[in-house]
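Inside the fold
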Protein chains: 4
Amino acid sequence: MKQRDDADYGRLIVQGADRPGIVASVSGILTEHGANIVSLDQSSSDPSGGRFFQRSVFHLPDLSAKLESLNEALEAKLGEELGLQFRLVEAKRRKRVAIFVSKADHCLLDLLWRQRDGELGIDIPMVVSNHSDLSDDVRGFGIPFFHVPVEKGNKAAAEKEQLNLLKGNVDLVVLARYMQILSGDFLEEVGVPVINIHHSFLPAFMGASPYQRAKERGVKLVGATAHYVTEDLDEGPIIEQDVIRVSHDESVRELQRKGADVERLVLSRAVAWHCEDRVIRDGNTTVVF
Amino acid sequence: MKQRDDADYGRLIVQGADRPGIVASVSGILTEHGANIVSLDQSSSDPSGGRFFQRSVFHLPDLSAKLESLNEALEAKLGEELGLQFRLVEAKRRKRVAIFVSKADHCLLDLLWRQRDGELGIDIPMVVSNHSDLSDDVRGFGIPFFHVPVEKGNKAAAEKEQLNLLKGNVDLVVLARYMQILSGDFLEEVGVPVINIHHSFLPAFMGASPYQRAKERGVKLVGATAHYVTEDLDEGPIIEQDVIRVSHDESVRELQRKGADVERLVLSRAVAWHCEDRVIRDGNTTVVF
Amino acid sequence: MKQRDDADYGRLIVQGADRPGIVASVSGILTEHGANIVSLDQSSSDPSGGRFFQRSVFHLPDLSAKLESLNEALEAKLGEELGLQFRLVEAKRRKRVAIFVSKADHCLLDLLWRQRDGELGIDIPMVVSNHSDLSDDVRGFGIPFFHVPVEKGNKAAAEKEQLNLLKGNVDLVVLARYMQILSGDFLEEVGVPVINIHHSFLPAFMGASPYQRAKERGVKLVGATAHYVTEDLDEGPIIEQDVIRVSHDESVRELQRKGADVERLVLSRAVAWHCEDRVIRDGNTTVVF
Amino acid sequence: MKQRDDADYGRLIVQGADRPGIVASVSGILTEHGANIVSLDQSSSDPSGGRFFQRSVFHLPDLSAKLESLNEALEAKLGEELGLQFRLVEAKRRKRVAIFVSKADHCLLDLLWRQRDGELGIDIPMVVSNHSDLSDDVRGFGIPFFHVPVEKGNKAAAEKEQLNLLKGNVDLVVLARYMQILSGDFLEEVGVPVINIHHSFLPAFMGASPYQRAKERGVKLVGATAHYVTEDLDEGPIIEQDVIRVSHDESVRELQRKGADVERLVLSRAVAWHCEDRVIRDGNTTVVF
């Protein structure tokens, strides 16, 4: 089963230089602490000198009380002895996700709806927008909406205001068709991952107006890409992509509508996977378990 | 029904500036000549001042004998009066297709099988290769194989030899993973359309080594694109595209294998559609009925 | 372009026994009345003695004023002379659609969003439910919500109440996960088409609990089917279907969630296509242009 | 990386009743023997009282020499102590696969071609057919072809002849559109798994003529299903399925052609996955890692 969100489930993410015995070490420590591994995915880019990635989900009665000692044991063995990075997470700790939007509502509403339905297992403490158009929709879901206008010349001030809202309150920022470019300073300051949805199957049609350019180029598929945001626009590690077939008979507006269906599916999958700790960054790419 | 290849079926392709009354004119002429339109697709980029495209399939007893008079009537009405371009084709006239290959066999064999199975409705008078590796495979299908080496410095001579083989003998050239760039002179001289299969979902990963670059970029889909060849490499009008999902766990070699399945499907569809006169070029794009 | 909803666009749907000259007759009449055919799809099940289907979209300045005379001309030629059925529709006349729901909200909300976004080109005069759970959501969109409980023994009375709400007010009823079976009497009385979304790729898993049965059978794909409702449960003409890949690792609840994404896409496409007069019933199947 | 077929790679498949500590036991034994686990997939139907499935790929220098002792250690711990079933396999031991065919060649040729290309990592010691049509094709690949006619009344004798060919010589039988039903006695006698490709997305259109019935039912997707053969026709555990979109405009013959493309992809995936020990039977379903 993919989702385990009861009280006593934990997740352990391990990554680092591959070497023999990592799996045995990890499973040994978990077993010694009384945990039962219910799901385990592992990948190795190359067994000789490659990179190692692992995600385990385990059941451990009274997990919260044992978390610290388990963490210490993992730090001693995995961290100090084997030189690996790891993250230990309680499944019941829901990620706090801020959503940034502009005027398009399809990705936003899809996320709000899935969250209300219990599908995402996240909390959404705020929606931030550079426009006020979607405030009623957001507040109708019982979620705070903050209007932070971004006009020419005030971007730095706007980002500062955004950071004040975010700092300490969120574990993830999702750009759900937010039509402003975030500065490198913002990305550094915010201290949590930022996921964006780009409306093309990257690396095709990087930059602006992808549907217009897709129409002009006569492609037979349009798509969407969810990726982590880095300073290099549209270059960050890809989490998920999908496409839909289009024909010569469809206008740019119709490509946008079809593409919007792909965008919301792709973004919601990326957010769900990230928040279930399924996505591991590996340089400019990702491992998705 | 999509395919009509009995003796008395014809196809009429019309394109040009849109204006009222084209459909009535076309169907009027066909009906007056005793034809029954069994399938008709039409598209208009914009009813006011846009471009018009139409493909009709019709049944006309004793078509061969009536072809010339039908053509004259169409020329008078559509050509001279309405200023449209048209093509009138007997469905029983199979297109003669030359296939160019290098060493990879998957696209070639797929076309040869489909042709043997009667699926494509084409003739394949020759396969031309810059290597001799696939000669036995091709001749096993009873098809002539010509080895025309292309080495540094002799490209012009090689193209001349290829043109000698092709001129007057073929209606289409298909580059089924032919790893040489054809010169602008060749494309002009050959006088028939040339279709290429590119091993990425263009415009992503134009140029060489698309699977290697797909792996490095961490995309979640790999694909293939069949397009008409123009002097601008990988820029010609796209006929068909498709993609397949890949994961972080697959090597470049595995992406190539998965991609090969997409390449052969996409190329065979593009060849079939072209040879059924379903593809109309519209500047740098295509209309596919 | 697929959608034409300006004032002066019309749609003409023709079906009946195939015979030579239908296209010429139709396009002749349209042209004589000053119409420009901007899109035309036609299909013929068999040119000798088969069935003929055609959908034209045309532009005719001042269409409303000319509708009656055009209709008379079509009736004389197509109806009386050629024995064909036809429908002449103004594109600007939006279909009035009633949505029936129970407790699941995903298909309902998807339709309401798309309608609000202008994507569907329909009016939704009412939502009818056998539960009251979704009343706030519906009224939040400014749409009347009617709660008509259906309990054991009162079904006939409930259907009568539903019919009172519907009669004269709607052109289509959409069952967006409405978990009650409508009686044959209701279907006869209501006098408009009824579209249902079934949560499997019919004809697999007809009847109840398709996701549970999909899990037990170990299928690798789950899907959804939109179809016209007939007296034979889950046997009506299929309008649209799609599927999504699932794995052994997903629970029945996870199949339901993935399936829900397919359900809402499939149903929204079916409703859009029906309301654009793209779907023609042909016995137990459909032609979708 | 998915495929590891060098000399020193091994695969360990474990299944049984879930209980805490299995992963630690397995990885402990492997590590003690000097193996490095390069890939590991694990699934548990329910951590309390559910079923456990695991596939590990490991690298162990000089594997062949250590196989016996490793097997003994696993038998003592996993078999006797934990009551689990396991299989230990050397990746370099290629599965020997017999292919059964009738007259249709598409699935056969696809498998032969992939095997020749090195994609499948299998040996094909024989092709067996109830017709002689495909003998030249098969022998052209350098593979023995055996013609075993099956006529009314001689089925038992034919199956005896088939069993004589197979016994001791193969690890898998693949029915690549073999149009005869194998008896329960045959399935019991043959002693190796049998994989079949069914030309529909089971459980829809079980039995004969699925494309004909798909056309009559008006489905919008046709598909194919690869499954293990059991005595209950078309009811065996599903390994892989896929579908392709079709339209009202396609004849039964065209559905067959499109479906053939899906059949060969689905069957080749199922054979590859089986032969890489990725498929674990779980009652009437499968776990595919």
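Here the structure is a predicted model, which is why all the values come from computation and not from measurement.

Before going further, it helps to spend a moment on unusual backbone geometry. Leave glycine aside and you will find that most residues have negative phi; peptide bonds, for their part, are mostly trans. All names here are of chain C. Omega for the bond connecting L202 with P203 falls within 30 degrees of zero, at 5 degrees, which places this linkage in the cis form. Locating P203 in the fold gives a position in the loop between strand 9 (194–198) and helix 7 (210–217). Although it is not a glycine, D277 sits at a positive phi angle of roughly 60 degrees. Within the secondary structure, D277 sits in the loop between helix 8 (252–275) and strand 12 (279–282).

Before going further, it helps to spend a moment on the relation of the copies chain A and chain B. Laying chain A over chain B is done by rotating through 180 degrees and shifting 0.0 Å along the axis; what remains is an RMSD of 0.0 Å. Accordingly, the operation relating the two chain copies is best matched by a two-fold axis. Proximity to the rotation axis, assessed at the C-alpha, singles out A:A204 in chain A; its C-alpha lies 2.2 Å from the axis. In this assembly, 100% of the residues forming the interface of chain A have copies in chain B that are likewise at the interface, indicating an isologous arrangement.

Below, the discussion takes up the sheet that holds strand 11 (residues 238–245) of chain A. All names here are of chain A. Spatially, seven strands are ordered 7-6-5-8-9-10-11 in an open sheet, and the strand pairing comes out mixed. Here the strands that pair on one side only, and so sit at the sheet edges, are strand 7 (145–147) and strand 11. The average undirected angle you get between the axes of adjacent strands in this sheet is 20 degrees. In this sheet, strand 11 lies alongside strand 10 (residues 221–228) in antiparallel orientation, the contact comprising seven bridges. Among the inter-strand pairings, G223 is bridged to a residue of strand 11, identified as V243. Against the sheet, helix 3 (residues 106–116) makes contact with strand 5 (95–101), strand 6 (122–129), strand 8 (172–175) and strand 9 (194–198), and its axis sits at roughly 155 degrees relative to strand 6, the strand it touches most. Running over the sheet, helix 8 (residues 252–275) touches strand 5, strand 6, strand 8, strand 9, strand 10 and strand 11 and is turned about 155 degrees from strand 11.

Attention now goes to the nonpolar core. Of all hydrophobic cores here, the largest spans 43 residues; its most connected members are B:L12, B:F58, C:L12 and C:F58. Within the second largest apolar cluster, 42 residues are counted, among which are A:I29, A:F86, D:F58 and D:L88.

Residues and elements named next belong to chain B. Looking at the secondary structure, you find R139 in helix 4 (residues 135–140). Classification of R139 as partly exposed rests on a relative accessible area of 49%. Taking C-alpha positions, R139 is 9.7 Å from M126, a pair spaced 13 residues apart along the chain.

It is worth spelling out the interface of chain A and chain B at this point. On the side of chain B, 32 residues touch chain A, which itself brings 32 residues to the contact. In total, chain A and chain B occlude about 2500 Å² of area from one another, counting both sides; carbon and sulfur atoms represent 52% of this. On the chain A side of the interface with chain B, the three residues burying the most area are A:R217, A:K220 and A:H248, jointly 28% of the side's total. Our count for the contact surface shared by chain A and chain B stands at six salt bridges. Between B:D242 and A:R245 there is a salt bridge, with its nearest N and O atoms 3.6 Å apart. One can count 16 residue pairs in polar contact (both at pLDDT 80 or more) joining chain A with chain B. With seven residues, strand 11 of chain A is the largest single contributor of residues to the side of chain A that touches chain B. In the side of chain A that touches chain B, the residues fall into 13 nonpolar, eight polar and eleven charged.

The next point concerns the domain arrangement of chain A. Size of an interface: often given as the accessible area lost when the parts come together. Residues and elements named next belong to chain A. Each assigned domain of chain A is listed with its residue range as follows: domain 1 (9–90) and domain 2 (95–288). Between domain 1 and domain 2, the C-alpha centre-to-centre distance is 31 Å. Taken together, the contact pairs nine residues of domain 1 with ten residues of domain 2. Note on domain 1 versus domain 2: buried area summed over both sides is about 810 Å², and carbon and sulfur give 47% of it. Taken together, domain 1 and domain 2 are joined by three salt bridges. Across the pair R51 and D282 runs a salt bridge whose closest N-O atoms are separated by 2.6 Å. The tally of links between domain 1 and domain 2 comes to seven residue pairs in polar contact (both at pLDDT 80 or more). Of all the secondary-structure elements, those providing two or more residues to the side of domain 1 that touches domain 2 are strand 1 (9–17), strand 3 (51–59) and strand 4 (85–90).

Before going further, it helps to examine empty space enclosed by the protein. Applying the stated criterion across every chain, the model contains eleven cavities of 30 Å³ or more. Taken as a whole, the second largest cavity holds about 40 Å³ of empty space. In terms of lining, the second largest cavity is formed by B:R19, B:G21, B:I22, B:V23, B:A24, B:F52, C:T31, C:A35, C:N36 and C:I37. Top element by residues in the lining of the second largest cavity is helix 1 (residues 22–32) of chain B. It accounts for three residues. In terms of residue class, the lining of the second largest cavity is made up of six nonpolar, three polar and one charged.

Rules used in this analysis
Residue positions are counted from 1 within each chain, in the order its sequence is given. Labels follow written order: the first chain is A, the first ligand is 1, and so on. Confidence filtering applies because this is a predicted model: local features only for residues at pLDDT of at least 70, side-chain atom pairs given and counted only at 80 or more, and all residues used for totals across whole chains, interfaces and linings. Hydrogen atoms and water are omitted, and side-chain values are computed over all heavy atoms in the structure. Only DSSP runs of H or I reaching four residues or more are called helices, and only runs of E reaching two or more are called strands; each is numbered from the N terminus. Only residues with pLDDT of at least 70 in both copies count here: their C-alpha atoms drive the least-squares fit that superposes the copies. Contacts between residues were defined by any pair of non-hydrogen atoms, one from each residue, lying within 4.5 Å. Strands pair, by our definition, only if DSSP identifies at least two bridges between them. Helix axes use the C-alpha atoms of the stretch in contact, all axes being lines fitted to C-alpha atoms, and the angles between their N-to-C directions lie in the range 0 to 180 degrees. By convention a nonpolar core is built from buried Ala, Val, Leu, Ile, Met, Phe, Trp, Tyr and Cys residues, the set being connected through side-chain atoms within 4.5 Å. Relative accessibility under 20% of the residue-type maximum defines a buried residue, over 50% an exposed one, and the middle range a partly exposed one, all with a 1.4 Å probe and only protein chains included. A simple way to read buried area is as the amount of 1.4 Å-probe accessible surface that goes missing from two parts once joined, with both sides added. We define a salt bridge as a contact between a side-chain nitrogen of Lys or Arg and a carboxyl oxygen of Asp or Glu at a distance within 4 Å. Under the rule applied, a polar contact is a pair of N or O atoms within 3.5 Å (in protein, one hydrogen donor and one hydrogen acceptor; residues adjacent in sequence only if both atoms are side-chain atoms). Amino acid classes used here: Ala, Val, Leu, Ile, Met, Phe, Trp, Tyr, Cys and Pro are nonpolar; Asp, Glu, Lys and Arg are charged; the rest, including Gly, are polar. These domain limits were set by an automatic method or by a database of domain assignments. Buriedness of a pocket was judged along seven lines, with at least five required to meet protein on both sides within 12 Å; pockets are open sets of points on a 1 Å grid over the protein atoms alone, cavities are sets where a 1.4 Å probe fits but cannot get out, and lining residues have an atom within 4 Å of a point. Grid points are joined across faces, edges and corners, and a volume is the space filled by probe spheres set on the points.

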